[in-house]
Amino acid sequence: MLRVNENYQKLAASYLFSDIAQRVAAFQKQNPHTKVIKLGIGDVTRALPAACIQAFHHAVDEMASDHTFKGYGPDQGYDFLREKIARHDFQALGAEVSADEVFVSDGAKCDTGNFQEIFSRDLRIAVPDPVYPVYVDTNVMAGRTGNYVDGRYEGLVYLESTQENGYVPQPPSEPVDLIYLCFPNNPTGACATADRLKQWVDYARKEKALILFDAAYEAFIRDRSLPRTIYQIDGAREVAVEFRSFSKTAGFTGTRCAYTVVPKECMGFDAAGGGHSLHTLWYRRHCTKFNGVSYPVQRAAEAIYSDAGREQVRELVAYYLHNASLIRDKMTLLGYDCAGGDNSPYIWIKTGTDSWEFFDRLLNEAGVVCTPGSGFGRCGRGYIRISAFNNVDAVTEALERIAGVLRK
Ligand SMILES: *Cc1c(COP(=O)(O)O)cnc(C)c1O
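Novice: Residue-level account of the packing of aromatic side chains, with values.
Specialist: A complete count under the given rule lists 28 aromatic pairs for this structure. Through a chain of ring-to-ring contacts, the aromatic side chains of Phe90, Tyr231, Phe246, Phe252, Tyr259 and Tyr305 assemble into a single cluster. Sitting above the plane of the Phe269 ring, Lys208 keeps its charged end 5.1 Å from the centroid.

Novice: Account for the pattern of salt bridges, with residues named and values stated.
Specialist: Per the stated rule, a full pass over the model turns up 28 salt bridges. Put simply, Lys264 and Asp100 hold a salt bridge, and the shortest N to O gap is 2.8 Å. Here Lys264 is found in the loop between strand S10 (258-261) and strand S11 (267-269), whereas its partner Asp100 is found in the loop between helix H3 (79-90) and strand S2 (102-105), with 164 residues between them in sequence. Among the residues examined, Asp100 registers a relative accessible area of 34% and is labelled partly exposed. Across the salt bridge formed by Arg237 and Glu101, the nearest N and O atoms sit 2.7 Å from each other. With Arg237 in helix H7 (residues 236-239) and Glu101 in the loop between H3 and S2, this residue pair connects regions lying 136 residues apart in the sequence. Judged by relative accessible area, Glu101 falls into the buried class, the value being 2%. Each of the salt bridges in this network shares a partner with another, and the network as a whole consists of Asp89, Glu218, Arg228, Glu242 and Arg244.

Novice: Explain the sheet that holds strand S14 (residues 346-350) to me, using residue names and the numbers behind them.
Specialist: Either a parallel or an antiparallel arrangement is found when strands of a sheet pair, and the pairing is made through backbone hydrogen bonds. Spatially, the four strands line up as an open sheet ordered S13-S14-S17-S16, and their pairing is antiparallel. Two strands bound the open sheet, and with one partner strand each, they are strand S13 (338-340) and strand S16 (371-372). Across the sheet, helix H11 (residues 307-333) lies against S13, S14 and strand S17 (383-387), angled at about 160° from S13, the strand it touches most.

Novice: Lay out the environment of Lys70 in plain terms, naming residues and giving numbers.
Specialist: Along the chain, the position of Lys70 falls in the loop between helix H2 (50-63) and H3. The class for Lys70 is partly exposed, based on a relative accessible area of 26%. In the structure, Lys70 is positioned 225 residues away from Tyr295 in sequence and 7.1 Å away in space, judged by C-alpha atoms. If we ignore the near neighbours within four places in the chain, the residues touching Lys70 are Glu62, Met63, Tyr78 and Tyr295. At 3.5 Å, the side chain of Lys70 forms a polar contact with the backbone oxygen of Thr68.

Novice: Kindly report on the sheet that holds strand S3 (residues 125-129), identifying the contributing residues and their values.
Specialist: Pairing within the open sheet is mixed, and its seven strands lie in the order S2-S10-S9-S8-S7-S3-S6. Pairing within the sheet leaves two strands with one partner each, and these edge strands are S2 and strand S6 (156-160). Adjacent strand axes in the sheet meet at a mean angle of 20°, parallel and antiparallel pairs treated alike. Pairing of S3 with S6 involves five bridges; the strand directions are parallel. Bridge pairing in S6 places Pro128 opposite Leu159. Helix-sheet contacts for helix H5 (residues 133-141) involve S3, S6, strand S7 (178-182) and strand S8 (210-214), and the interaxial angle to S3 is about 145°. Strands S2, S8 and S10 of the sheet are contacted by helix H9 (residues 278-289), whose axis makes an angle of about 25° with S2.

Novice: For the nonpolar core, give the residues involved together with the corresponding values.
Specialist: Residues Ile179, Ile211, Ile230, Phe246 and Phe252 are the most contacted members of the largest nonpolar core, which totals 68 residues. The residues that make up this core include at least three from each of domain 1 (7-47 + 309-406) and domain 2 (53-307). Among all residues touching Ile211, those that are not within four sequence positions of it are Ile179, Leu181, Trp200, Val201, Ala204, Ile230, Val239, Ala240 and Val241. In this structure, Phe27, Leu39, Cys338 and Leu362 belong to the second largest nonpolar core, which totals 33 residues.

Novice: Could you give an account of H2, naming the residues involved and the relevant values?
Specialist: Its 14 residues place the ends of H2 20 Å apart at the C-alpha level, agreeing with the 20 Å of an ideal helix rising 1.5 Å per residue. The complete set of buried residues in H2 reads Ala51, Cys52, Ala59 and Glu62. Projected onto a plane normal to the axis of H2, the buried residues spread over an arc of 95° and lie on a single side. Exposed residues lying more than 90 degrees from the buried face of H2 are Gln54, His57 and Asp61. Taken together, the buried residues of H2 touch helix H10 (295-302) and H11.

Novice: Account for the domain arrangement of the chain, naming residues and giving values.
Specialist: Taken as a whole, the chain is organised into domain 1 (7-47 + 309-406) and domain 2 (53-307). Computed from C-alpha coordinates alone, the two centres of domain 1 and domain 2 are separated by 26 Å. Contacts between the two partners involve 37 residues from domain 1 and, on the opposite side, 47 residues from domain 2. Surface buried jointly by domain 1 and domain 2 totals about 3,400 Å² across both partners, of which 57% is contributed by carbon and sulfur atoms.

Parameters at a glance
Residues numbered from 1 in each chain as written. Predicted model: local features only at pLDDT ≥ 70, side-chain atom pairs only at ≥ 80, totals over all residues. Heavy atoms only, no water. Phe/Tyr/Trp six-rings, centres within 6.5 Å; stacked < 30°, edge-to-face > 60°. Lys NZ or Arg CZ within 6 Å of the ring centre and 35° of its normal. Salt bridge = Lys/Arg side-chain N within 4 Å of Asp/Glu carboxyl O. Helix = DSSP H or I, 4+ residues; strand = E, 2+ residues; numbered from the N terminus. Buried < 20%, exposed > 50% of the residue type's maximum accessible area, 1.4 Å probe, protein only. Pairing = 2+ DSSP bridges. Contact = heavy atoms within 4.5 Å. Axes fitted to C-alpha atoms, helices over the stretch in contact; angles between N-to-C directions. Polar contact = N/O pair within 3.5 Å; in protein donor to acceptor, adjacent residues only side chain to side chain. Core = buried A, V, L, I, M, F, W, Y, C linked by side-chain atoms within 4.5 Å. Domains from an automatic or database assignment. Expected span 1.5 Å × (residues − 1). Arc of directions from axis to C-beta. Buried area = accessible area lost by both parts, 1.4 Å probe.

Structure below.
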């Protein structure tokens, strides 16, 4: 008899996005002439930078000739890409990362989800609340949690991100082994200062723990005093793995390219206390289960680091950040406490009412779709997330409609 992995039965069905879709469809049916504006999107909306398209086309042409055709690429990704990543994203900031510590992949979602595979089953795990659900669900599937009770899994340590702590949680009072952090954060838009990250690095070193640092929104950081990588923090190379993605940076959500940095100093331990290199373990896992990102896509990603590419990416991100500032300014003017939106495409808004009640009000009275914060965890109750991924005219119109409703 074929037994299934019963941990999957523990997964709380997330109805968040299907629930939103149903409510929007019902509204549209009753109001066929209202143009619904979607500010709930966690996906980019603008085209790839021209430099990427040019490199992409050129690489496709190379595949058309026997002389320049490429088959399987190197296990960790092409040198041309990994060297530029190491130089521009880390060394240029004074952070020590070498090209052979970079693993190119087809997504930060896969990497943040898969990394737990190299660890034992009985880890103590800390996750943020509100949270990007991938961190939690992949550990549930692996059998590292108990059941789902009142919005939380038994056995996980939840790091509460609240207005009181500026949505940047402190290390817990109890020991944990694996810590998921995400800054700039999805969904709160909060960023961690160097001092706050240092507390986490120090904690991880003391506990012989590891930080899995999701920096998918790094390109949105504009405040020069904020760290752009966890490796700008002393000691982080021993206790932190960093995940990056070209998805939000350069519009690669449908093109697929990302990378993970695993410093050579990061260690895990066996039952006898013997140390094992996480770089070696992840290398083993990566090249056993993954066969690389396509050559044209790696060339398109490389183009981000050219002079033209860097300028185009800066402009692309600036476009979304402008939307974000419009949203944040308007909601603040209307009297709402907002987080994010300055170094992040997301604005996290305290509604003063139930998340879904506020969602319904914006939908039914303004024809605007947001994301109820409660869908991201218990600490999201009473919040909504508004996303800046849209065109500026749609954002401007949505804000006018929202103001018309909320001013009443
Ligand atoms: C969008 C996003 C990613 C990126 O995922 P990809 O698989 O690289 O597209 C990673 N982490 C968070 C928190 C995100 O919101």
